[in-house]
Amino acid sequence: MDRSSFRLEGDFGEIRWQEPLSRHTTWKLGGPARALVLPERPDQVAALLRYCQEKQIPLLVLGNGSNLLVRDSGWPGVALKLSKLQQLELSGEKIRAQAGVLLPVLARKTMAAGLAGLEWAGGIPATVGGAVLMNAGAHGGQMAEVVEKVTILNWQGEEEVWSSQELDYGYRSSRLKAARPGVVIEASFRLTPADPVQLQQRAQELLAWRQQHQPLNLPSCGSVFKNPPGGSAGRLIESAGCKGWQEGQIQVSPVHANFFVNLGGGTASEALRLMERVQARVAQVHGIKLEPEVQIVG
Ligand SMILES: Cc1cc2nc3c(=O)[nH]c(=O)nc-3n(C[C@H](O)[C@H](O)[C@H](O)COP(=O)(O)OP(=O)(O)OC[C@H]3O[C@@H](n4cnc5c(N)ncnc54)[C@H](O)[C@@H]3O)c2cc1C
């Protein structure tokens, strides 16, 4: 891969050539993107989408990289990261957040304003864009319950507004994820008034639970596999005897078996090999095929 195979001519924001995506994923894995682009405004995103469409440059959208496994070979085209789209507006019970706002920031600010609905979200290292697409959720809460509408730019750079109903939410799924109609630029939420002190107490309890039950001191992508209907992927992996299994520097966490941690210097190939071994063992022991929750790209 070299940068000479395509150029980026236009006002798209900051461009970094041959940027290692291991710097942009929470698992700290992944080879370089030929170009990482960091727009500051939606019109720059729209211009980039049109340009990539016209020049047939493959495009990867990055949120906070907390559910992404980028292969070691990297991404041959443009990786678009929306971390500079940071506007957040609270007006009564209505909230508007741009795609790059981090979910824990959104949760903290809405709770401080006495708005309930995102207490479960404080420990999820996602962006609004990634969380809305994945229908992120925890402790019985999920994005589907609070999203009112989502503004996207389709691949031609045109704005579309999708209502919550049109997003067709399911467990860790949405029409945005299934159909990939474009790039999430912002989302609006409707929350309900509540006592900020009680909300923050509840959020603290949930964070403390996470710290006790999840290996948060090491890089990971959160849950590697989806929970099968009525079951827990972590419990299936543990009871199949896979806790502590290792491929290179990637390990099935002894703390939580559905978290595979990077012990330092791990590679995406090691993570993929470990996923395959664990899938095979769980299928052999329990007769269940685990489906990856992590999005594999590259
Ligand atoms: C320690 C840890 C704990 C976690 N706990 C939870 C949990 O409790 N519950 C849970 O649901 N998840 C959890 N996760 C997983 C992860 O945080 C979620 O899946 C989250 O929704 C991913 O958001 P992101 O912004 O990081 O998206 P990324 O990982 O960057 O991207 C995920 C997918 O969304 C797409 N995407 C991202 N942004 C946009 C956009 N603006 N427009 C269009 N497409 C976009 C990407 O192309 C990719 O396909 C955890 C992860 C970690 C590391």
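Calculation notes
Residues numbered from 1 in each chain as written. Predicted model: local features only at pLDDT ≥ 70, side-chain atom pairs only at ≥ 80, totals over all residues. Heavy atoms only, no water. Helix = DSSP H or I, 4+ residues; strand = E, 2+ residues; numbered from the N terminus. Buried < 20%, exposed > 50% of the residue type's maximum accessible area, 1.4 Å probe, protein only. Contact = heavy atoms within 4.5 Å. Areas by Shrake-Rupley, 256 points an atom, 1.4 Å probe, with all protein chains shown as cover. Domains from an automatic or database assignment. Buried area = accessible area lost by both parts, 1.4 Å probe. Salt bridge = Lys/Arg side-chain N within 4 Å of Asp/Glu carboxyl O. Polar contact = N/O pair within 3.5 Å; in protein donor to acceptor, adjacent residues only side chain to side chain. Nonpolar A, V, L, I, M, F, W, Y, C, P; charged D, E, K, R; others polar. Disulfide = S-S within 2.5 Å. Near = heavy atom within 4 Å. Expected span 1.5 Å × (residues − 1). Pairing = 2+ DSSP bridges. Core = buried A, V, L, I, M, F, W, Y, C linked by side-chain atoms within 4.5 Å.

(A) Broad picture of the overall build of the chain. Each helix and strand counted, the chain has 7 helices and 18 strands in total. Its C-alpha atoms put the chain at 55 × 50 × 30 Å along the principal axes. Classification of the 298 residues of the chain by burial places 50% in the buried group. Residue pairs in contact within the chain that sit at least 24 positions apart in sequence constitute 65% of those at least 6 positions apart. Put simply, the chain shows about 13300 Å² of open surface, and 48% of that area lies on carbon and sulfur atoms.

(B) Region of interest: the domain arrangement of the chain. Taken domain by domain, the chain comprises domain 1 (3-81), domain 2 (88-212) and domain 3 (233-297). Both faces combined, the contact of domain 1 with domain 2 buries some 1000 Å², and carbon together with sulfur accounts for 68% of it. Counting across the interface, domain 1 meets domain 2 through 0 salt bridges. Our count for the domain 1 to domain 2 interface comes out at 2 residue pairs in polar contact (both at pLDDT 80 or more). Looking at the side of domain 1 that touches domain 2, the elements with two or more residues in it are helix H1 (42-55) and strand S3 (59-62). Here the side of domain 1 that touches domain 2 gets 6 residues from one element, more than from any other, and that element is H1. When grouped by side-chain class, the residues that make up the side of domain 1 that touches domain 2 number 7 nonpolar, 5 polar and 1 charged.

(C) Structural context of the state of the cysteines. Applying the stated criterion across every chain yields a total of 0 disulfides. Here Cys242 is not disulfide-linked; the sulfur of Cys221 is the nearest cysteine sulfur, at 16 Å. Judged by relative accessible area, Cys242 falls into the buried class, the value being 0%.

(D) How the structure looks around the site of the ligand. Taken together, the neighbourhood of the ligand is formed by 34 residues, with Val61, Gly63, Ser66, Thr127 and Gly137 sitting nearest. At 3.3 Å from an oxygen atom of the ligand is found a side-chain nitrogen or oxygen belonging to Gln295. Elements with a minimum of two residues in the shell around the ligand: S3, helix H3 (128-134), strand S9 (137-138) and strand S13 (182-190). If one sorts the elements of the shell around the ligand by residue count, H3 sits on top with 5 residues.

(E) Summary view of H1. The terminal C-alpha atoms of H1 lie 20 Å apart, and with 14 residues this matches the ideal 20 Å at 1.5 Å per residue to within 8%. Within H1, the full set of buried residues consists of Gln44, Val45, Ala46, Leu48, Leu49, Tyr51 and Cys52. Within two residues after H1, Gln56 carries a phi angle of roughly 55 degrees, on the positive side.

(F) Structural context of the sheet that holds strand S15 (residues 246-247). Taken in spatial order, the 3 strands of this open sheet run S15-S16-S17, and their pairing is antiparallel. Each of the sheet's edge strands pairs with one partner strand only, and the pair in question is S15 and strand S17 (260-262).

(G) Layout of the pattern of salt bridges. Under the counting rule described, the total for this entry stands at 17 salt bridges. The partner of Arg96 in a salt bridge is Glu89, with the nearest N and O atoms 2.9 Å apart. Its relative accessible area of 19% is what places Arg96 among the buried residues. We classify Glu89 as partly exposed; its relative accessible area is 44%.

(H) Expanded view of the nonpolar core. Core analysis: the biggest nonpolar cluster contains 37 residues, and Leu106, Leu118, Val132, Met143, Val150, Leu176 and Phe189 have the highest contact counts within it. Every element with two or more residues in this core is listed here: strand S7 (94-98), helix H2 (103-112), strand S8 (115-116), H3, strand S11 (147-154), S13 and helix H5 (196-213). The element best represented in this core is H3, accounting for 5 residues. If sequence neighbours within four positions are ignored, Leu106 has contacts with Leu88, Ile95, Ala97, Val101, Leu118, Val128 and Phe189. Listed in part, the 25 residues of the second largest apolar core include Trp27, Cys221, Ile237 and Cys242.

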